[in-house]
Amino acid sequence: MKDMMNELPGIDRVRGRFLEMLEQRQSAIAGHALAAWDGQTLEDINENLASAQAVLHQISGSAGSLGWADLGKAARECEMEIIAHLEGPDADLAICPGELINHLDVFVTNCREVIAAQRTPVEAE
Amino acid sequence: MRILAVDDDPIILELLCQFIEAVGDHNLSTAPSAIDALEFLESNPDDVFDCFLFDIQMPGMDGIDLTRKLRETSRFADTPVLMLTAMAEKRYIDNAFAAGATDYVTKPFEVSELKARLNTVEGLLEARQTRTKKIFATQSLAEDVNTVEIFEPISIYDVENVIDYLAMENYVAQLSKQSLFGSTTFAFTIRQIDAFHAALSAFEFYSLIQDVAEIISDTLVGRQYLMSYAGSGTFVCITESGWRPDMQQLMDAINLSLARTELYNNAGQRLQPRVSAGGAIRLVWKTGNSVMEALAAAHASAEEACVAFEKSQSKYFELGQTA
């Protein structure tokens, strides 16, 4: 969001903090996705998916305002996919959709790319 | 303004701190959860807040329940609440406004947008302060003069599904971005509102509007709807879930209920308000400004029905005449 970047003097500090947290958050999403995929019971699967959704929700809420609109949009899409599963007809079955895990995997990779690009801006260019 | 922001994401709270620092003139407090916010407000009973910014999805209690809880208290019954959320789906929007939200901003937000929304809140607070002073000044002095203008959209509290007119406008603005397949708007106007306004004090007039709102709300119970008093005796409603109201039947039910309810002015004289209903206008395939225009059309149609009714009472000899 251009206007945030131009109008808020302390925005760089918030962006830095977002990246620090993104490091933890992407690893939390990966952990929950793996646990859901390996889960044997309905509770294991759905609770881990719900936890991943909560982290995705936080990323989707702030990434766009801090200049990472695509990352925010991707987080929102994954979040909606999890909500659709948890509120859908398969919600009471111990099933973890492979496609959903695949999308989470792509999202985690996106997060790592964003973090890497900010750490080494010259190389990323 | 003194603002309290509640969000479980520390990044959003930091962003809001930066935002408030940049726009100036405001004082921001933050809480990381609804429970923390309630504890903070309880332990600081003398703190006055002019505006709340609430996230919806939070662990424990969500922002909608937090709004509902605050609206139950006299302290924050009318403090503007802006939902600041990533949840753009209609069910969240409906629930937020029904719980008492004043406005709804979707994340990611922009500085200019948030600034504009806070300016609107400031304007609302100023207008409300002036109006409240007028209403309660005449109550204590028992003056006969009505100092509240007839066209003012008075805020009504404690009536189920009745929201402030500004909140209704904001709700409509949000609706205009959604699919409105099952939505319909309609309105009721209190007959002879000019006469009531001229005869009653500001407080009596306010009480009359509140009582009629309560009766309409009771009549609509069990339906999914939001209603707002738009001024000049007119209540505008938006209903969901595909319900197409039979306006004649609804009007009769409201008038029957009004006839059974004993309403009095301060002098002990009985007031016998009745309403006229306009047409029900479906909002399907309407977007942007046309949703607000449909609301205005429903409003106008109720006022026209009111005029037609009054004409039919006084100029019955013209009935059935054709040009």
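Residues numbered from 1 in each chain as written. Chains lettered and ligands numbered in written order. Predicted model: local features only at pLDDT ≥ 70, side-chain atom pairs only at ≥ 80, totals over all residues.

A word on the overall build of chain A
Threshold: Per the convention used, a helix needs a DSSP run of H or I reaching at least four residues, while a strand needs a run of E reaching at least two, with both numbered from the N terminus. Contacts here follow a simple rule: the backbone-placed C-beta atoms of the two residues must lie within 7 Å.
From N to C terminus, chain A includes 6 helices and 0 strands. Taking all contacts inside chain A whose residues are at least 6 apart in sequence as the whole, residues at least 24 apart take part in 64%.

Some remarks on the interface of chain B and chain A
We count it as follows: Three classes are used, and their members are as follows: Ala, Val, Leu, Ile, Met, Phe, Trp, Tyr, Cys and Pro are nonpolar, Asp, Glu, Lys and Arg are charged, and the others, Gly among them, are polar.
In this assembly, 17 residues from chain B lie in contact with 22 residues from chain A. Going through the elements one at a time, helix 1 (10-23) and helix 5 (111-141) of chain B are the ones with two or more residues in the side of chain B that touches chain A. The biggest single contributor to the side of chain B that touches chain A is helix 1 of chain B, with 7 residues. Looking at the side of chain B that touches chain A residue by residue, the class counts come to 10 nonpolar, 3 polar and 4 charged.

What about unusual backbone geometry?
All names here are of chain B. As a reminder of what qualifies: With C-beta atoms placed from the backbone, a residue is buried if 20 or more other C-beta atoms are within 10 Å of its own, exposed if 12 or fewer are, and partly exposed between those counts.
Along the chain, Lys-107 connects to Pro-108 via a cis peptide bond; the corresponding omega equals 0°. Checked against the element boundaries, Pro-108 lands in the loop between strand 5 (103-106) and helix 5. We note that Asp-158 has phi near 65°; this positive angle belongs to a residue other than glycine. Assignment of secondary structure puts Asp-158 in the loop between helix 5 and helix 6 (165-175). With 12 C-beta atoms packed within 10 Å, Asp-158 lands in the exposed category. A positive phi angle is found at Gln-192, which is not glycine, with a value near 55°. Following the sequence through the fold, Gln-192 ends up in the loop between strand 6 (184-190) and helix 7 (193-199).

Quick notes on the pairing of strand 4 (residues 81-85) of chain B
If a strand is regular, its side chains alternate between the two faces of the sheet. All names here are of chain B. Heads up, the condition is: At least two bridges found by DSSP between two strands is the condition for calling them paired. Handedness of a crossover: with both strands directed away from the viewer, a clockwise path from the first strand across the helix to the second marks it as right-handed.
Burial analysis of strand 4 places 5 of its 5 residues in the buried class, which makes it a mostly covered element. Residues Val-81, Met-83 and Thr-85 point to one face of strand 4 and Leu-82 and Leu-84 to the other, with burial holding for every one of them. The pairing of strand 3 (residues 51-54) with strand 4 spans 3 bridges and is classified as parallel. By the bridge assignment for strand 4, Phe-54 is matched with Met-83. The parallel pair strand 3 and strand 4 is bridged by helix 3 (residues 63-71), and the resulting crossover is right-handed. Bridge analysis of strand 4 against strand 5 gives 4 bridges, and the strand direction is parallel. Its bridge partner being in strand 5, Leu-82 is matched across the sheet by Asp-103. Crossover handedness for the path strand 4 to helix 4 (residues 90-99) to strand 5: right-handed.

What to know about the sheet that holds strand 4 of chain B
All names here are of chain B. Definition in use: Axis definition: a line fitted to C-alpha atoms, limited for helices to the stretch in contact. Angles are taken between N-to-C directions and run from 0 to 180 degrees.
In spatial order, the strands read 2-1-3-4-5; together these 5 strands make up an open sheet with parallel pairing. With partners counted over all chains shown, the strands left at the sheet margins are strand 2 (27-31) and strand 5, one partner each. For this sheet the average axis-to-axis angle between neighbouring strands, irrespective of direction, equals 20°. Where strand 1 (residues 2-6) and strand 3 come together, 4 bridges link them in parallel fashion. By the bridge assignment for strand 3, Val-6 is matched with Phe-54.

A word on the domain arrangement of chain B
Residue and element names in this part refer to chain B. Threshold: An automatic or database domain assignment is the source of the domain bounds shown.
Taken as a whole, chain B is organised into domain 1 (1-141) and domain 2 (148-323). Each of domain 1 and domain 2 has a C-alpha centre, and the two are 28 Å apart. Contact with domain 1, which involves 19 residues of that partner, is made by 20 residues of domain 2. For the side of domain 1 that touches domain 2, the secondary-structure elements that each account for two or more residues are helix 4, strand 5 and helix 5. In terms of residue count, helix 5 provides more of the side of domain 1 that touches domain 2 than any other element does, 8 residues in total. In the side of domain 1 that touches domain 2, the residues fall into 9 nonpolar, 3 polar and 7 charged.

A closer look at the environment of Ile64(B)
Position of Ile64(B) relative to the elements: it lies in helix 3. On a C-alpha basis, the gap between Ile64(B) and Met83(B) in space is 8.4 Å, while along the polypeptide they are 19 residues apart.

Topic: helix 2 (residues 11-38) of chain A
All names here are of chain A. The cut-off we apply is this: Given a helix with a known number of residues, its expected span is that number minus one, times 1.5 Å. We define the bend at each residue as the angle formed by axes fitted to the 7 residues ending at it and the 7 residues starting at it.
The terminal C-alpha atoms of helix 2 lie 40 Å apart, and with 28 residues this matches the ideal 40 Å at 1.5 Å per residue to within 8%. The axis of helix 2 is deflected most strongly, by about 25°, at Leu-22. Those residues of helix 2 lying buried are Ile-11, Val-14, Arg-15, Phe-18, Leu-22, Arg-25, Gln-26, Ile-29, His-32, Ala-33 and Ala-36.

Remarks on the packing of helix 2 (residues 34-43) of chain B against helix 3 of chain B
All names here are of chain B. Put simply, the rule reads: Should an angle fall under 35 degrees it is called roughly parallel, over 145 degrees roughly antiparallel, and 65 to 115 degrees roughly perpendicular, with every other angle called oblique. Each helix crossing is assigned a hand: it is left-handed if the near helix lies turned anticlockwise from the far helix by less than a right angle, otherwise right-handed if that turn is clockwise.
Running from N to C, helix 2 and helix 3 cross one another at 25°; their axes reach a closest spacing of 10 Å. As summarised for this structure, helix 2 and helix 3 are arranged roughly parallel, according to the angle between their axes. Crossing hand, helix 2 versus helix 3: right-handed. For the pair formed by helix 2 and helix 3, the contact residues are Ala-34, Ala-37 and Leu-38 on the first element and Gly-63, Asp-65, Leu-66 and Lys-69 on the second. When the residues that make up the contact of helix 2 with helix 3 are grouped by side-chain class, the tally is 4 nonpolar, 1 polar and 2 charged.

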